[in-house]
Amino acid sequence: MFQRFRRTRLNGHLRSLVRETSVSVNDFIYPLFVRSGEGIKTEVASMPGVFQMSIDEVLKECEELKKLGLYAIILFGIPDVKDSIGSDSLCEHGIIAKAIRAIKKSHPEMFVVTDLCFCEYTEHGHCGIIDEKLQTVNNDATLKISAQQAIIHAKAGADMIAPSGMMDGIIQTLREALDGAGYENLPIMSYSTKFASGYYGPFRDVAESTPTFGDRASYQMDPANRREAVAESISDERQGADILMVKPALAYLDIVREIKDNTSLPMAVYNVSGEYAMLKFAGMNNLIDYNRVLMETMVSFKRAGADIIISYHAKEVAKLLQK
């Protein structure tokens, strides 16, 4: 006798009862981009609904997020002055440190994650100190200043640090630095499997981090490599990461599932700027049922194995879940 699968599909209440995957506001981290100044809230043309904001506007945004039940954010800083090593990110008076302190003072209940990298802070747009001979990032020199940056974030009050530069050994370096400074309870969310992807384009507009030469293929992962992708995350788990991540998300759900099945840590995905923009512009041009495709996409992340979703869609999803 064949099985009649539609028996559990005909009634809407029964479909809800047997649904295997669900999405909650508790799944989301919302990205915020902060710069100096006052009263600044500039929308990014390539990412409708996403803004560069001054700290005072970020504080207002946090109030709105709380009303939606969203209490986790990830901060990206945009400095006024950039140099070869990203000095603003290594200063207790830099934009990211100021923003953390202000948010934790006004909204102590917000869970503040900080993106730890140098691409937003360097004049060349790469993720660390440049090796002039090889025309790539000097891995070990960048590890040293990454540790300095982590301590700056920790002292300012960050609740979790998320290194995104894809430096080999970064998790061990940060764990040792944080533990040595008395921050042994500060978690690290690793960008453990981050691909050299074309989906990042709009992010470079909002973060002002487009490389002035070359690309990031010499330190970010080749999109074609499955086994290496899994190995990267397993390595970061061994080094002491608390949460693993796959970035981008949508084109790499096979990798999300494979890492989930081969590690024991919570899994995050970063629903990146290009993915966001594709849905946004498709919806604005009436090419898709935007809300339906949006929620279908979020379910796909959870179904693949994600526990955490970093997404510019988070506020929209929260509003849909309230209906």
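Scroll up to find the structure this text is about.
Participant: Give me the lowdown on the overall build of the protein, citing residues and values where you can.
Facilitator: Within the protein, the secondary structure is distributed over eleven helices and twelve strands. In terms of overall size, the protein behaves like a compact globule, its C-alpha atoms giving a radius of gyration of 20 Å where 323 residues would be expected to give roughly 20 Å. For the protein, the residues scored as buried account for 55% of the 323 residues in total. Taking the intrachain contacts of the protein between residues at least 6 apart in sequence as the baseline, contacts between residues at least 24 apart amount to 74%.

Participant: Which residues make up the packing of aromatic side chains, and what values do they have?
Facilitator: Counted under the stated rule, the structure contains six aromatic pairs. On the basis of an interplanar angle of 15° and a centroid distance of 6.2 Å, the ring pair of Phe 33 and Tyr 312 is categorised as stacked. Of the two residues, Phe 33 sits in strand S1 (residues 28-35) while Tyr 312 sits in the loop between strand S12 (308-311) and helix H11 (314-322), which places them 279 residues apart along the sequence. In terms of burial, Phe 33 and Tyr 312 fall into one category: buried. Taken together, a centroid distance of 6.3 Å and an interplanar angle of 40° make the contact between Tyr 191 and Tyr 270 tilted.

Participant: Talk me through the nonpolar core; I want residue IDs and the actual numbers.
Facilitator: Counting 77 residues, the largest nonpolar core has Leu 32, Ile 73, Leu 75 and Ile 103 as the members making the most contacts within it. With seven residues, the top contributor of residues to this core is helix H3 (residues 95-106). For Leu 32, the contacting residues outside a window of four places in its chain are Met 53, Val 58, Glu 61, Cys 62, Leu 65, Ile 73, Ile 74, Leu 75 and Phe 76. Listed in part, the 25 residues of the second largest apolar core include Phe 33, Ala 72, Tyr 276 and Ile 308.

Participant: An account of unusual backbone geometry is needed here, citing residue identities and associated values.
Facilitator: Across the junction of Lys 247 and Pro 248, the peptide omega takes the value -5°, indicating a cis bond. Note on placement: Pro 248 falls in the loop between strand S10 (244-247) and helix H8 (253-262).

Participant: Now, about H8: what can you tell me, with residues and values included?
Facilitator: Regarding H8, the residues found buried are Leu 253, Ile 255, Val 256 and Ile 259. What you see down the axis of H8 is that its buried residues fit within an arc of 155°, all on one side. Elements that come into contact with the buried residues of H8 comprise strand S9 (193-194), helix H7 (226-239), S10, strand S11 (267-271) and helix H10 (290-304).

Participant: So what about the pairing of S11? Which residues, and what values?
Facilitator: Most of S11 is tucked away: five of the five residues are buried. Side chains Met 267, Val 269 and Asn 271 project from S11 onto one buried face, and the interleaved Ala 268 and Tyr 270 project onto a second face that is buried too. When S10 meets S11, the two strands line up parallel, connected through three bridges. In the sheet register, Leu 244 faces S11, and the bridge partner there is Met 267. Traced from S10 through H8 to S11, the parallel crossover comes out right-handed. Pairing of S11 with S12, which is carried by four bridges, proceeds in the parallel orientation. Residue Asn 271 lies in a different strand from S12, and its bridge partner there is Ser 311.

Rules of the game
- Residues numbered from 1 in each chain as written.
- Predicted model: local features only at pLDDT ≥ 70, side-chain atom pairs only at ≥ 80, totals over all residues.
- Heavy atoms only, no water.
- Helix = DSSP H or I, 4+ residues; strand = E, 2+ residues; numbered from the N terminus.
- Rg over C-alpha atoms; globule rule 2.2 N^0.38 Å.
- Buried < 20%, exposed > 50% of the residue type's maximum accessible area, 1.4 Å probe, protein only.
- Contact = heavy atoms within 4.5 Å.
- Phe/Tyr/Trp six-rings, centres within 6.5 Å; stacked < 30°, edge-to-face > 60°.
- Core = buried A, V, L, I, M, F, W, Y, C linked by side-chain atoms within 4.5 Å.
- Arc of directions from axis to C-beta.
- Pairing = 2+ DSSP bridges.
- Right-handed = clockwise from strand over helix to strand, strands pointing away.

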